[in-house]
Amino acid sequence: MNTMIKKIFGGIDMTWKKVIIMALASAVFTALVAIIPWFKYTSFHAIAVTFEVWILFGIIIIMNSKSNKDSALKCFVFFLISQPLIYLFQVPFSWQGWNLFSYYKYWFIWTILCIPMGYIGYYMKKDKWWGYLILAPMILLLSYSYLTYLPLFMFSFPKYILICLFCIATMIIYPLFIFNNKFAKIGGTIISVILIVIITVYSLLHPPVYETQLMSNTEAHPFDDTYTVTLADKKYGSVNIVYDERLEDYMLAVKFVREGKTELILTSPDGEETKYKLDIKRDTYDLERIK
């Protein structure tokens, strides 16, 4: 395993042909992930919206390039090919059509920045202590991703477990296998472990909560503070009837703590129950009255 990882970070003959094939393959895979609905709320979707896997591709190219110029040009061409193709492949399947390319502006800026990043990144191959300073911004980006996806994993278990593990693994693997210099290798690994522990503890102490108001008092859904309301399974959170001063009406205020399906039960003062199917997601929900 160690030999294989070492080869990935310095033992590949990174020809232009391989760079182009890698760009085409990553574009096809990313477009498929963005097109197929099943991938939307999974770890796989991360490649379509955030940096983690693209950082890996960039580092692989850098560590297998032959010079600063070679590294800069190959990183630039890889992203110049892959990123617009991702949008192009999606055009026939998206309601936005060619307007999808409006999102490419953001990625094009990062594509331009690949030139200096690829050039400077090559200096990690010098294996000096200061090489870690070049890698550090990537470690911080991965830390931010881990901080973003860990609450999603906690709320929607087991979704997002793979991207959380990917962030943890790469934060440790990069300093451990890119460098031989003891400071960069050991010191960098320790910094990654500390960041992982801090983010994990912080997330456990501040678990994700989705707060919203389900519905208000209407003719179709009548209730007031004489009613009681509960969730059939309390592991999903809590619900209360509150009076909204601004709307001058009663509302169902909820605090969801995990994703899943349950029932919401409204009980009138005379004991009559009205039940609703409730499908909870991280930042939305579906509510349907059971007839």
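Everything quoted here is computed from the prediction, not taken from an experiment.

A. Local environment of the sheet that holds strand E7 (residues 285–289). Strands sit in the order E2-E5-E6-E7 across an open sheet of four strands; the sheet is antiparallel. Since the sheet does not close on itself, it has two edges, and those belong to strand E2 (228–231) and E7, each with one partner. Taken pair by pair, the neighbouring strands of this sheet meet at an average axis angle of 20°, ignoring direction. Across four bridges, the pairing between E2 and strand E5 (residues 260–267) is antiparallel. When the sheet's bridge partners are listed, Thr228 is paired in E5 with Thr267.

B. Looking closely at the environment of Gly97. With respect to the element layout, Gly97 can be found in the loop between helix H5 (68–90) and helix H6 (104–121). With 10 residues separating them in the primary sequence, Gly97 and Tyr87 have C-alpha atoms 9.4 Å apart.

C. Geometry of unusual backbone geometry. With an omega dihedral of 5°, the bond running from Phe157 to Pro158 counts as a cis peptide bond. Note that Pro158 resides in the loop between helix H7 (131–155) and helix H8 (161–178). The backbone of Asp127 sits at a positive phi, close to 60°, despite the residue not being glycine. The residue Asp127 is located in the loop between H6 and H7 in this model. The partly exposed category is assigned to Asp127, whose relative accessible area is 23%. Although it is not a glycine, Tyr160 sits at a positive phi angle of roughly 70°. When you line up the elements, Tyr160 lands in the loop between H7 and H8. Assessed through its relative accessible area of 9%, Tyr160 is described here as buried.

D. Representation of the pairing of E7. As defined by bridge partners, strand E6 (residues 273–280) adjoins E7 across five bridges and the pair is classed as antiparallel. Each residue of the ladder has a partner; that of Asp279, found in E7, is Asp286. Joining the antiparallel neighbours E6 and E7 is a turn of four residues.

Rules used in this analysis
Residues numbered from 1 in each chain as written. Predicted model: local features only at pLDDT ≥ 70, side-chain atom pairs only at ≥ 80, totals over all residues. Heavy atoms only, no water. Pairing = 2+ DSSP bridges. Helix = DSSP H or I, 4+ residues; strand = E, 2+ residues; numbered from the N terminus. Axes fitted to C-alpha atoms, helices over the stretch in contact; angles between N-to-C directions. Buried < 20%, exposed > 50% of the residue type's maximum accessible area, 1.4 Å probe, protein only.

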